[in-house]
Amino acid sequence: MSVIADYQDELLGGMLTTIQLSIVTFPLAFVLGVLLSVLRLCPVPLLRAVGTAYVEVVRNAPVLVLIAVIVFGLPEVGLTIPLFTCVVVGLSMYFACYVCETVRSGIRSVSVGEIEAARALGLATSAVFRTVVLPQSLRSMVQPLATIFINIVLGSALGAAMGVHELTGTVRSVNLLEAQPILCFALAGLGYLVMTLTIGHTAGVIERRVRVVR
Amino acid sequence: MTDRPPLVALDGVNKYFGSLHVLRDVTLSVGRGEVVVIIGPSGSGKSTLCRSINRLEPIDSGTIAVDGVPLPAEGRALAALRADVGMVFQSFNLFAHKTILDNVTLGPVKVRKLPRREAEQRARTLLDRVGIADQAGKMPAHLSGGQQQRAAIARALAMEPKVLLFDEPTSALDPEMINEVLDVMTSLARDGMTMIVVTHEMGFARRAADRVLFMDGGRVLEAGSPQEFFDNPQTDRARDFLSRVLHH
Amino acid sequence: MARRRHRLVPAVAGLAALLVAAACSSSAEPAERSATNVLAEVDQSAAVEQGPVGENLPLTPTVQRIRERGSLVAAGVLSSPVFALQDPATGRISGFDAGIAQLLAKYILGEPNVETKTSGAETRESLLQNGSVDVVVSTYSITEARDRLIDFSTPYYIAQSGIVVRSDETRIEDAGDLAGMKVATQPGAAEEALRRGIPEAEPILFETSSECLEALRQGRVDAWSQNNASLLSKIVQETDVMLLPATYGTVEFGIGMSEDDPEFKEIVDEFVRTIVADGTWQRLWDDTVGVVQDEPPVLPTPGSP
Ligand SMILES: Nc1ncnc2c1ncn2[C@@H]1O[C@H](COP(=O)(O)OP(=O)(O)OP(=O)(O)O)[C@@H](O)[C@H]1O
Ligand SMILES: [Mg+2]
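Scoring rules and cut-offs
- In this convention, every chain numbers its residues from 1, walking through the sequence in written order.
- Here chains are named by letter from A upward and ligands by number from 1 upward, in the order in which they appear as written.
- Reporting in this predicted model follows two pLDDT cut-offs: at least 70 for local features of residues, and 80 or more for side-chain atom pairs to be given and counted; totals over whole chains, interfaces and linings ignore these cut-offs and use all residues.
- Only hydrogens and water are removed before side-chain values are computed, so all heavy atoms of the structure are retained for them.
- Here the term cavity refers to a set of points on a 1 Å grid, laid over the protein atoms alone, in which a 1.4 Å probe fits but cannot get out; the term pocket refers to an open set having protein on both sides within 12 Å along at least five of seven lines, with lining residues being those that place an atom within 4 Å of a point.
- Grid points are joined across faces, edges and corners, and a volume is the space filled by probe spheres set on the points.
- Helix numbers and strand numbers start at the N terminus; a helix is a DSSP run of H or I with at least 4 residues, a strand a run of E with at least 2.
- Residues were grouped as follows: Ala, Val, Leu, Ile, Met, Phe, Trp, Tyr, Cys and Pro as nonpolar; Asp, Glu, Lys and Arg as charged; and all remaining residues, including Gly, as polar.
- We call two residues contacting when some pair of their heavy atoms lies within 4.5 Å.
- Joining two parts hides part of their accessible area as seen by a 1.4 Å probe, and the buried area is that hidden amount summed over both.
- Salt bridge, as used here, is a side-chain nitrogen of Lys or Arg placed within 4 Å of a carboxyl oxygen of Asp or Glu.
- Pairs of N or O atoms within 3.5 Å make up the polar contacts considered here, provided that, within protein, one atom can donate a hydrogen while the other can accept it, and that residues adjacent in sequence are counted only when both atoms are side-chain atoms.
- Only buried residues count toward a nonpolar core. Its members are Ala, Val, Leu, Ile, Met, Phe, Trp, Tyr and Cys residues joined through side-chain atoms within 4.5 Å.
- For every residue, the accessible area (1.4 Å probe, protein chains only) is compared with the maximum for its type, and the residue is labelled buried under 20%, exposed over 50%, or partly exposed between those bounds.
- Without a salt bridge and with relative accessible area above 30%, a residue can belong to a patch; like charges are then joined within 9 Å and nonpolar side chains (Val, Leu, Ile, Met, Phe, Trp, Tyr) within 5 Å.
- Accessible surface is estimated by sampling points in the Shrake-Rupley manner with a 1.4 Å probe; for residues, cover comes only from the protein chains shown.
- Positive charge is attributed to Lys and Arg, negative charge to Asp and Glu, and no charge count is given to His or to the chain ends.
- Where a charge lies is defined by one atom per residue type: Lys uses NZ, Arg uses CZ, Asp uses CG and Glu uses CD.
- A helix is expected to span 1.5 Å for every residue after the first.
- Any Phe, Tyr or Trp ring, taking Trp's six-membered ring, that has another such ring centre within 6.5 Å forms a pair; planes under 30 degrees apart are called stacked, those over 60 apart edge-to-face, and the others tilted.
- Nearness here has a simple test: a residue counts as near a molecule or strand if at least one of its heavy atoms is within 4 Å of that partner.
- In this scheme, strands are said to pair when DSSP sees at least two bridges between them.
- UniProt positions are given in the numbering used here, feature names are shortened, and annotations may be inferred rather than shown by experiment.
- A domain assignment, automatic or from a database, supplies the domain bounds used here.

Chemist: Sorry, what's going on with empty space enclosed by the protein here?
Modeler: Any space left empty among the atoms is revealed by the rolling of a water-sized probe across them. The full count for this structure, using the stated rule, is one cavity of 30 Å³ or more. Of the voids in this model, the largest cavity is the one considered here, and its volume is about 50 Å³. Around the largest cavity, the lining residues are A:Ala117, A:Ala120, A:Leu121, B:Gly86, B:Met87, B:Phe89, B:Arg155 and B:Ala156. Those elements giving two or more residues to the lining of the largest cavity turn out to be helix H6 (112-120) of chain A together with strand E6 (85-88) and helix H5 (145-157) of chain B. Partitioned by chemical class, the residues of the lining of the largest cavity number six nonpolar, one polar and one charged.

Chemist: Would you take a moment to explain the interface of chain C and chain A for this structure?
Modeler: In many analyses, interface size is given as the accessible surface area lost on bringing the parts together. With 36 residues of chain C at the interface, the matching set in chain A holds 33 residues. Interface of chain C and chain A: buried area, both sides summed, is about 3,000 Å²; carbon and sulfur atoms make up 64% of it. Put simply, chain C and chain A have one salt bridge between them. With a shortest N-O distance of 3.6 Å, A:Arg172 and C:Glu207 are connected by a salt bridge. Along the contact surface separating chain C from chain A lie nine residue pairs in polar contact (both at pLDDT 80 or more). Elements with a minimum of two residues in the side of chain C that touches chain A: helix H1 (2-24), helix H6 (124-129), helix H7 (144-147), helix H8 (189-197), strand E10 (202-205) and helix H9 (209-217) of chain C. No other element matches the nine residues that H1(C) contributes to the side of chain C that touches chain A. For the side of chain C that touches chain A, the residue count by class is 16 nonpolar, six polar and 14 charged.

Chemist: Please explain the interface of chain A and chain B as it appears in this structure.
Modeler: Counting residues at the interface gives 19 residues for chain A and 25 residues for chain B. Both sides of the chain A and chain B interface together cover about 1,900 Å² of buried area, and 65% of this is carbon and sulfur. When the area that chain A buries against chain B is broken down by residue, the three leading residues are A:Arg119, A:Ala120 and A:Leu121, summing to 31%. There are one salt bridge connecting chain A and chain B. Two residues, B:Arg51 and A:Glu116, come together in a salt bridge whose shortest N-O distance is 2.6 Å. Counting every contact that joins chain A to chain B gives five residue pairs in polar contact (both at pLDDT 80 or more). Among the elements that line the side of chain A that touches chain B, the one with the most residues is H6(A), at seven residues.

Chemist: Help me out: how do you make sense of the nonpolar core in this one?
Modeler: For soluble globular proteins, the rule of thumb is that nonpolar side chains tend to be buried together. Ranked by internal contacts, the top residues of the largest apolar core, which has 107 residues, are B:Leu10, C:Phe206 and C:Trp224. Per element, the largest residue contribution to this core is 13 residues, and it comes from helix H5 (residues 83-108) of chain A. With 49 residues, the next largest nonpolar core counts B:Ile39, B:Ala189, B:Phe204 and B:Val212 among its residues.

Chemist: Can you walk me through a negative patch on the surface in this structure?
Modeler: The grouping of C:Glu144, C:Asp147, C:Glu259 and C:Asp260 at the surface amounts to a negative patch. Residue position: C:Glu144 is located in helix H7.

Chemist: I would appreciate a short explanation of the pattern of salt bridges in the present structure.
Modeler: Opposite charge on two side chains permits pairing when their charged atoms draw close. Residue and element names in this part refer to chain B. With the rule as written, the count across this model stands at 35 salt bridges over all chains. The shortest N-O distance in the salt bridge between Lys15 and Glu57 comes to 3.9 Å. Taken as a pair, Lys15 in strand E1 (residues 8-17) and Glu57 in the loop between helix H1 (46-53) and strand E4 (61-66) lie far apart in primary sequence, 42 residues in all. You'll find Lys15 and Glu57 in the same group, each marked buried.

Chemist: Is there a simple way to explain the environment of C:Pro187 in this structure?
Modeler: With respect to the helices and strands, C:Pro187 occurs in the loop between strand E9 (182-185) and H8. Placed 18 residues apart in sequence, C:Pro187 and C:Glu169 show a C-alpha to C-alpha distance of 25 Å. With sequence-adjacent residues up to four places away left out, C:Pro187 is seen in contact with A:Arg172, C:Leu205, C:Phe206 and C:Glu207.

Chemist: It is not clear to me how H5(B) should be interpreted in this structure. Could you clarify?
Modeler: For an α-helix, 3.6 residues make a turn, and residues three or four places apart therefore share a direction. Along its 13 residues, H5(B) runs 18 Å from first to last C-alpha, staying within 8% of the 18 Å computed at 1.5 Å per residue. Summarising burial for H5(B): 13 of the 13 residues are buried, a large majority.

Chemist: Got a minute to help me understand the packing of aromatic side chains in this structure?
Modeler: Ring pairs (aromatic) are described by centroid distance and by the angle formed between their planes. Residues and elements named next belong to chain A. According to the stated counting rule, one finds 18 aromatic pairs over all chains in the structure shown. Pairing Phe26 with Phe149 gives two aromatic rings, centres 4.3 Å apart and planes at 10°, and the pair type is stacked. One end of the pair, Phe26, is in helix H2 (residues 8-41); the other, Phe149, is in helix H7 (residues 125-155), with 123 residues separating them in the sequence. When its relative accessible area of 18% is taken as the criterion, Phe149 is described as buried.

Chemist: Would you explain the site of ligand 1 in this entry?
Modeler: All names here are of chain B. Taken together, Phe17, Leu20, Val22, Pro41, Ser42, Gly43, Ser44, Gly45, Lys46, Ser47, Thr48 and Glu168 make up the full set of residues adjacent to ligand 1. Within the backbone of Gly43, one N or O atom sits 2.8 Å away from an oxygen atom of ligand 1. One nitrogen or oxygen atom from the side chain of Thr48 is found 2.5 Å from an oxygen atom belonging to ligand 1. Taking 630 Å² as the accessible area of ligand 1 by itself, protein coverage stands at 59%. Secondary structure elements with two or more residues in the shell around ligand 1: strand E2 (20-30) and H1. With three residues, the single largest contributor to the shell around ligand 1 is H1.

Chemist: Is there a simple way to think about the sheet that holds E4(B) in this case?
Modeler: Pairing between the strands of a sheet is mediated by backbone hydrogen bonds and can be parallel or antiparallel. Residue and element names in this part refer to chain B. Strand order in the open sheet formed by four strands is E2-E1-E4-E5, with antiparallel pairing between adjacent strands. The open sheet has two edge strands, E2 and strand E5 (69-70), and neither has a second partner. Direction of pairing for E1 relative to E4: antiparallel, over a ladder of five bridges. Residue pairing for E4: Asn14 is matched across the bridge by Ser61.

Chemist: Hey, could you run me through the UniProt feature "domain: ABC transmembrane type-1" (unreviewed entry) in chain A in this one?
Modeler: Here, the residues flagged by UniProt with the feature "domain: ABC transmembrane type-1" (unreviewed entry) are residues 15-203 of chain A. Across residues 15-203 of chain A, the secondary structure splits into 81% helix and 0% strand, with the terminal C-alpha atoms separated by 21 Å.

Chemist: What am I meant to see in the layout of surface pockets here?
Modeler: All names here are of chain C. Here the largest pocket defines a volume of roughly 710 Å³. Along the wall of the largest pocket there are 40 residues; nearest its centre are Val77, Ser79, Gln186, Pro187 and Glu207. Classifying every residue of the lining of the largest pocket by side-chain character gives 14 nonpolar, 19 polar and seven charged. Here the lining of the largest pocket spans two domains, and each of domain 1 (45-154 + 255-285) and domain 2 (158-251) adds at least three residues to it.

Chemist: Is there a simple way to think about the side chain of B:Lys46 in this case?
Modeler: All names here are of chain B. With respect to the element layout, Lys46 can be found in helix H1. In this structure Lys46 is buried but unpaired, with Glu168 as the nearest side chain of opposite charge at 4.4 Å. Reaching out from Lys46, the side chain makes a polar contact with the backbone oxygen of Gly40 at a distance of 3.0 Å. A polar contact is formed between the side chain of Lys46 and the backbone oxygen of Pro41, at a distance of 3.0 Å.

Next up, the structure:
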């Protein structure tokens, strides 16, 4: 137990880094994912192809390789960004694919009849998207998006392999010095559990508030 | 009925779904304040005709004009035209995430740029007119089918359209709710609203229609006053159809 | 068909772009791929060939298990140059630790049959405790904390940490100068030595030593530190970085075993004493670490526990 007291600052610091990684990554992945879904749903074949190519390529590459390309590849073309940013960019690029797919199926779940009704009222295509499609699909996307957020939290552990000392890396180091694996990894598990449960609970609250009764 | 130009004019309209010829040389004009009821067997192209008038379905040849203006292609002009052509669907299609009041104010606020207060005032008047003033704050799913369809009619009326299209507005309703919707439609007809109604309700057709159109196989086979049509149909197909629906 | 190709072309183009980017950064690959000539010389097989076979070994539970299986299951790493590095092309593992594991297998079985289970530093004790592996041979530093959980053999190696900096570096001359600096290192033994030896430094962890080197070149870190033999092996042919003469953090590596079989520990201790005494240890060192280093470490009174 003294491990907790001895390494309190390190452990809290690691947890904080994990939280920072996730909290910065999620909105970026979301925005990028929505843009991708717009590409993939847009009527211009070239843009649709770009969206599809992005998703197919990035989703099928291991995230760690993606992050490694950013960490070690970008400096080759003269762009050296901090490791923390590299991890955020890599995770965002990767999870944007899942956001994109979630948004797409969310949009598909909106009733065609309601879209026609909005068009029949004289709403322009963009207005139909904003007032009917987006709000309704967002609501059906709350839980899938929460799952993506949770996966981002867990995926942020990859930062440990790329010089970002987040929760997993910290716990690994503490264990390296103290050889208390059970305690150390129970602590990490607890840390992740607190974060993911918070996300799950918040998603539940949001979903209940915005649920569309059918 | 008057010598003013027709409000809705179709001329030689053809429409295909792939190789399926759904509308064949349809020519039709609907005057201001006229109520036209379209009947015909399933698959005869009634919905397609109705939907092509506000270009929810594009047509392959021929022309459609509303109030003298040919239907524009996709874009702002088309949106503006649609604002003048109200539509009521079989399955209501109320916006599930908005209250009844917001369903009715959406068009006026977003399309007509009416101030919200004014739009709400108008919406409440309309909801009162269709008999569901007390439901304004509820979500669509909490209303009965008849109430939802009346809300949908109010939503269409809120745009102050020149013409209202109805595509089987009572087909999805339980029998006991059909009349509350038909009553609203009858009173609209009496007030001079121009209406094109696809329906199987022959009573409504007799009561409210100025003209009845009989469609089969994508063609308008007969057109006449309700009396002429119901008492003395000209074609075998119409007689056959009527005998089936009337002795049902 | 034309439709299908339509979708495929951009996907392939995108993939190609990604691969080019990946190829530009050789170190983005997970394994140590940049096999320098030096590392190609590292080969423990001759030493293993001449290694001893234990006689009249007591049939402890662990020995019995190993003999029934016909192989020694050892936890180790595959990314530690000169100690245990896997050639991704052939799958062969070469290095000092790889040799120790094979010698131990030969000592017990008569054949150098080793089944290597890769494990992170965090699972080594657990793997021993739950019997998933027979031994850990993995630049495994002997520490008090670990000794409470498992048994260590008598030390078979003494390592020192070295420091590599960019050739134009002027601020760093010895270990003390690393305080407050970003220091690249690998998780496990190297990280441990750094954290214990220079607690004020900020370790920046990368999975492979190639990545550490690349991070140093790119200026992401101020220095790179791990055991100096591994460092040497990676930089002999590089000109833009240099190994400082200064070292720090002397640690002893031991073979890890479960506490459940104390008699087995005696066998392993005897094994270490035997290979030191009969020259096998020296031969192994010459053919592995000795390829890059001049002087072997002096073991603490060879063979005494
Ligand atoms: N989107 C579509 N794609 C392909 N075929 C269609 C489509 N919509 C309708 N059709 C076909 O066009 C023909 C006319 O359909 P329409 O819906 O206009 O008939 P209807 O007279 O309204 O029939 P109902 O009384 O069943 O509603 C039918 O054969 C129908 O199967
Ligand atoms: Mg129909």
